[in-house]
Amino acid sequence: MCSGDEVDHLRRRVGELQARLVELEGAEKKRLQVENELRESQKLYRALIETAFAGIGITDVEENLTFANSALGDIMGYGVEELIGINLSRFVEGEEYNRYQELTEQRLQGLRNAYETRVRHKDGALINLLISASPLADEDGEFIGVLTVVFDITELRRAEEELERNKRAYTDQLEAMVRERTNQLEEAQAKLIQSAKLAAVGQLAAGVAHEINNPVGVLLMKLKFLLSVAERENLTQNTMATLDIAVEQAGRIAHIVQDLLNFSRTPTDRPQSLNINERIDSSLRLSRRLLTDRRIDLHLDLHEELPNVLGDPVEFEQVLINLLNNAVEAMADGGELYLASNAEAGQVVISLRDTGEGIEGEDLGSIFDPFFTTKNFGEGTGLGLSISYGIVQKMGGYIAVESEPGSGAVFHIKLPGEGA
Ligand SMILES: Nc1ncnc2c1ncn2[C@@H]1O[C@H](COP(=O)(O)OP(=O)(O)OP(=O)(O)O)[C@@H](O)[C@H]1O
Ligand SMILES: [Mg+2]
């Protein structure tokens, strides 16, 4: 039997044990709750790491991979298990390797680094990665490895390169366009300068020609009168010859003055519809004798169906005769003359090619200038081409030359077809 004291003692003991049990139950509940929370948070982290777009890897102190998420496996072309244990240095090569070693050094000292690099994919291709690497430490601050986050930016870099290439191609194209426009502008400017020169000389010539025209006319008339008197008076051969020369030279002055007046004449008549082939025939009628005399063979190649052009028939023939005369004068020992007409995109193109002495490169830019001549004094005024230039320009066309000294010259005239 127990004494009353012993019973009390036992009752207290039971009470204490019951309280301890409640306490233990509480602690167990807490433990289970914490464990549950831990599991939940681990699940969350794993989900985060596994679904992350970035590749995530953890390396030990020797830079061997101890963890890799599936994105890292995808980026590098390996299965996740294959990656575990691989040393990072295996992916780096060439110049990148030196840099990799420098960065490893920094990480060992606890420094974080972010950089771009190129590494070898399992299939052998080089890929561009953006990497952020943070050193990991244990509770005592000891370095235990590196957490690396990796983005594959290969496509981005490729797109950038493509863009750069396109930009360059576009720039080249643009430069070519600018060059072409510049050439066109320079050509237009050259034409403008030429017409400005013509206009200035035209004005000057008109003034001088008007002044000289009448006195020259009077002079010529008086000389002819003197010549007729002299014929009657039976003067010496010598005096007669001198008078002849005087009449001839005065006639020449009158002719030049007339040329100048034509040159500066402002057109009053309406332009007519001209058939270029007919104009060519008519001009040749005047020059054929000259060509035969100078042993020049003419090759005609006239296109049958040319559009008509607008202009003054006499003026246009003057252009053709000027060009024919120049060609004849350039072929002192005979040669070949090719004269062709053609239709080209609504335009009429006339080409006149000779096998004469050709034009020196330095003269090419001046031959259309008024009074530019390479002929001996008294043999050329240097007005033929500038007058022709003015006439063609008035018809809305353009005249150009190509020539190599020693191998002849070719003149092209382009005229807009009527209604074009
Ligand atoms: N077919 C050609 N071959 C070689 N040189 C040429 C030819 N046509 C023109 N030239 C050159 O161009 C210059 C200018 O010609 P342009 O017809 O204006 O004057 P010119 O013939 O000298 O004199 P003008 O015609 O007034 O009598 C000539 O002096 C000559 O040097
Ligand atoms: Mg001439």
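Quantities reported herein were computed from a predicted structural model and do not represent experimental measurements.

Some words on the pairing of strand 3 (residues 113-120)
So, point 1. With eight bridges connecting them, strand 3 and strand 4 (residues 126-137) associate as antiparallel partners. For Arg118, the partnering residue across the bridge sits in strand 4 and is Asn128.

Let's talk about the nonpolar core
So, point 1. By size, the foremost hydrophobic cluster in this structure holds 35 residues, and its most contacted members are Ile276, Leu323, Ala327 and Val392.
So, point 2. A per-element tally of this core places helix 8 (residues 313-330) first, with seven residues.
So, point 3. Apart from residues no more than four positions distant in its own chain, Leu323 is found in contact with Leu352, Ser388 and Phe411.
So, point 4. If you look at the next biggest cluster of nonpolar residues, it comprises 11 residues, including Leu72, Phe91, Val119 and Leu129.

Things to note about the confidence of the model for the protein chain
So, point 1. Of all residues in the protein chain, 97% attain a pLDDT of 70 or more, and the chain-wide mean is 89.
So, point 2. Strand 10 (residues 347-354) holds the highest mean pLDDT among the elements of the protein chain, 98, whereas helix 6 (residues 237-264) holds the lowest, 81.

Details of the domain arrangement of the protein chain
Often, the extent of an interface is quoted as the loss of accessible area upon association of its parts.
So, point 1. Splitting the protein chain by domain gives domain 1 (1-42), domain 2 (52-152), domain 3 (161-266) and domain 4 (270-420).
So, point 2. Domain 3 and domain 4 are separated by 15 Å when their C-alpha centres are compared.
So, point 3. Facing the eight residues of domain 3 at the interface are 10 residues of domain 4.
So, point 4. For the side of domain 3 that touches domain 4, the secondary-structure elements that each account for two or more residues are helix 5 (154-233) and helix 6.
So, point 5. Among the elements that make up the side of domain 3 that touches domain 4, the one with the highest residue count is helix 5 (five residues).

What about the environment of Gly73?
So, point 1. Residue placement: Gly73 occurs in helix 2 (residues 70-76).
So, point 2. Judged by local crowding, Gly73 falls into the partly exposed class, with 18 C-beta atoms found within 10 Å.
So, point 3. For Gly73 and Leu83, which are 10 residues apart along the polypeptide, the C-alpha to C-alpha distance reads 7.1 Å.
So, point 4. Gly73 has contacts with Ala68, Tyr78, Gly79, Val80 and Leu83, leaving out every residue within four places of it along the chain.

Concerning the sheet that holds strand 9 (residues 335-344)
So, point 1. One open sheet accounts for five strands, arranged 7-9-10-12-11; its pairing is mixed. Both outer strands of the open sheet, strand 7 (296-302) and strand 11 (398-403), are each paired with one neighbouring strand and no more. Going across the sheet, the axis of each strand differs from the next one's by a mean of 15 degrees, ignoring polarity.
So, point 2. Inspection of the sheet shows strand 9 paired to strand 10 by eight bridges, in the antiparallel sense. Note that in strand 10 the partner of Ser341 across the bridge is Ile350.
So, point 3. Helix 8 contacts strand 7, strand 9, strand 10 and strand 12 (409-416) of the sheet and is inclined by roughly 20 degrees relative to strand 10.

Reading guide: rules and limits
Residues numbered from 1 in each chain as written. Chains lettered and ligands numbered in written order. Predicted model: local features only at pLDDT ≥ 70, side-chain atom pairs only at ≥ 80, totals over all residues. Pairing = 2+ DSSP bridges. Helix = DSSP H or I, 4+ residues; strand = E, 2+ residues; numbered from the N terminus. Core = buried A, V, L, I, M, F, W, Y, C linked by C-beta atoms within 7 Å. Buried ≥ 20, exposed ≤ 12 C-beta atoms within 10 Å, placed from the backbone. Contact = placed C-beta atoms within 7 Å. pLDDT = per-residue confidence, 0-100. Domains from an automatic or database assignment. Axes fitted to C-alpha atoms, helices over the stretch in contact; angles between N-to-C directions.

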